[in-house]
Amino acid sequence: MKLLRERFKEMQPYHSDYITEGIKLDANENPYPILPEMIEHMQSWISTMRISRYPDTDSTKLREAVAEAYGVKAENVICGIGSDELLDYILRGSIDQDDTVLAPFPSFSMYPQFTILNAGQMIQVPLKEDFSYDADALLSAVKAHQPKVVFLCNPNNPTGSLLTLDEIRQITEAANGLVVVDEAYGEFCEVSALPFIEAFDNIIILKTFSKAYALAGARVGYGIGCKALIEMLNTVKIPYNLNVFSQEIAVWAISNKNLFEPIIEKIKLNRDRLYKSLLALDLRVYPSYTNFIWLEIPEEAYKMLEAAKIYIRKMKFNNKLYYRITVGTEEENEALLQVLSDFLKG
Ligand SMILES: Cc1ncc(COP(=O)(O)O)c(C=O)c1O
């Protein structure tokens, strides 16, 4: 397309298959049915909803509910159409043409994507060979390049690896620019950099309702940081970004956080069981602190899974194929293991 800007020429439109049948283990979603209490609440809300009016552009009720859940102030919170929108705002608000942005590699694909969209230059710091974080390399790269923005995906998508709080602290202390700790999967591990927002004015924590809260379809994420940082993001935020439905369902979810805790525990238990079962099949499986598992399987096994309508994510790094499997329900994990073990034994 002639009109497309030169710097976007290598980019492709984002596409993701919309899978509505079979076993969906490809997008790190929560596999359990939505809570009946949530359905009940939304059914009664629908008769009072103000759909003919614009929504609250500041998502005030939601920011207050998030603030209460984390013991911060509403002025420390911004909400977005998924945390994706906030990743874009962070770069939109802070980088000028050719400013550098640093991220681990492999990591969440939207970091380089949004960096290109915002005319920045991406520096990628490889994980170690076993896909654990190379905190020393990250620290050295931050010191050497002093990027405008550093993305730390913790735990990391797609590999499940984790940085310690001490490592995050060292990187944040060394950085002159903004450090974004993306905790999209934070509910599935014991580590959160949230307390650092007290001590540092250059750190922002991103979280989402798409994973642990089973609300990927509502598209709600939030960021927590110092007041000045949140104001910077509000400066570039589009008006009325979150619709009335998304604001209401997310307020309900965060205010009823306790109802999600047993589900999160169940997913963590299923993850640990799935990890052990995959190891028992003699596959190369990497430790995970998330709701998904990164591993190596023969491509033929992937094809067999697909034929059985079990969908996992295939990715290529350094010319080698790897796979990411979302932790499903007990039954879904059993079905996956059955196909894999039939393939490996057959
Ligand atoms: C690491 C990470 N960050 C952010 C997101 C974006 O999540 P959402 O826009 O659904 O909140 C994802 C989604 O998969 C992710 O894996």
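Just above sits the structure.
Residues numbered from 1 in each chain as written. Predicted model: local features only at pLDDT ≥ 70, side-chain atom pairs only at ≥ 80, totals over all residues.

## Examining the nonpolar core
The following threshold applies: In these notes, a nonpolar core means any group of buried Ala, Val, Leu, Ile, Met, Phe, Trp, Tyr and Cys residues linked to one another through C-beta atoms within 7 Å. Exposure criterion: with C-beta atoms placed from backbone coordinates, a residue whose C-beta has 20 or more other C-beta atoms within 10 Å is buried, one with 12 or fewer is exposed, and one in between is partly exposed. Residue ranges assigned to each domain were obtained from an automatic or database domain assignment.
In this structure, I90, V150, L152, V180 and A250 are the most contacted members of the largest nonpolar core, which totals 89 residues. Per-domain counts for this core show at least three residues from each of domain 1 (18-33 + 260-345) and domain 2 (36-255).

## Considerations on the site of the ligand
As a reminder of what qualifies: Should the C-beta atom of a residue, placed from the backbone, lie within 6 Å of a molecule or strand, that residue is near it. Helix and strand assignments come from DSSP, with helices taken as H or I runs of at least 4 residues and strands as E runs of at least 2, each series counted from the N terminus. Residues are grouped as follows: Ala, Val, Leu, Ile, Met, Phe, Trp, Tyr, Cys and Pro are nonpolar; Asp, Glu, Lys and Arg are charged; every other residue, Gly included, is polar.
Near the ligand, the surroundings consist of 13 residues, among which G82, D84, A184, T208 and S210 are the closest. The greatest single-element share of the shell around the ligand, amounting to three residues, is contributed by helix α3 (residues 82-94). Classifying every residue of the shell around the ligand gives four nonpolar, seven polar and two charged.

## Overview of the sheet that holds strand β3 (residues 100-105)
How we decide: For two strands to count as paired, DSSP must find a minimum of two bridges between them. Fitting a line to C-alpha atoms yields each axis, with helices limited to the stretch in contact; the angle taken between N-to-C directions then spans 0 to 180 degrees. Any pair of residues counts as being in contact when their C-beta atoms, constructed from backbone geometry, are within 7 Å of one another.
Read across the sheet, seven strands follow the order β2-β8-β7-β6-β5-β3-β4 without closing on themselves; strand pairing throughout is mixed. Of all strands in the sheet, those with a lone pairing partner are β2 (77-80) and β4 (121-126), marking the two edges. Within the sheet, the average angular offset between the axes of one strand and its neighbour, ignoring direction, is 20°. Lying over the sheet, helix α2 (residues 60-70) contacts β2 and β8 (221-225), oriented at roughly 125° with respect to β2. Helix α8 (residues 227-236) rests against β2, β7 (203-208) and β8 of the sheet, and its axis sits at about 30° to β2.

## Brief notes about unusual backbone geometry
For the bond from N154 to P155, the omega torsion is -5°, close enough to zero to count as cis. P158 follows N157 through a cis peptide bond whose omega is 15°. Among the structural elements, P158 can be located in the loop between β5 (149-153) and α6 (165-174). With phi around 55°, Y240 is a residue other than glycine that occupies positive phi space. Checked against the element boundaries, Y240 lands in the loop between α8 and α9 (244-255). By the C-beta count within 10 Å, which is 13 here, Y240 ends up partly exposed. At N319, a position not held by glycine, the phi torsion is positive, near 65°. Along the chain, the position of N319 falls in the loop between β12 (313-317) and β13 (320-326). The class for N319 is exposed, based on 5 C-beta atoms found within 10 Å.

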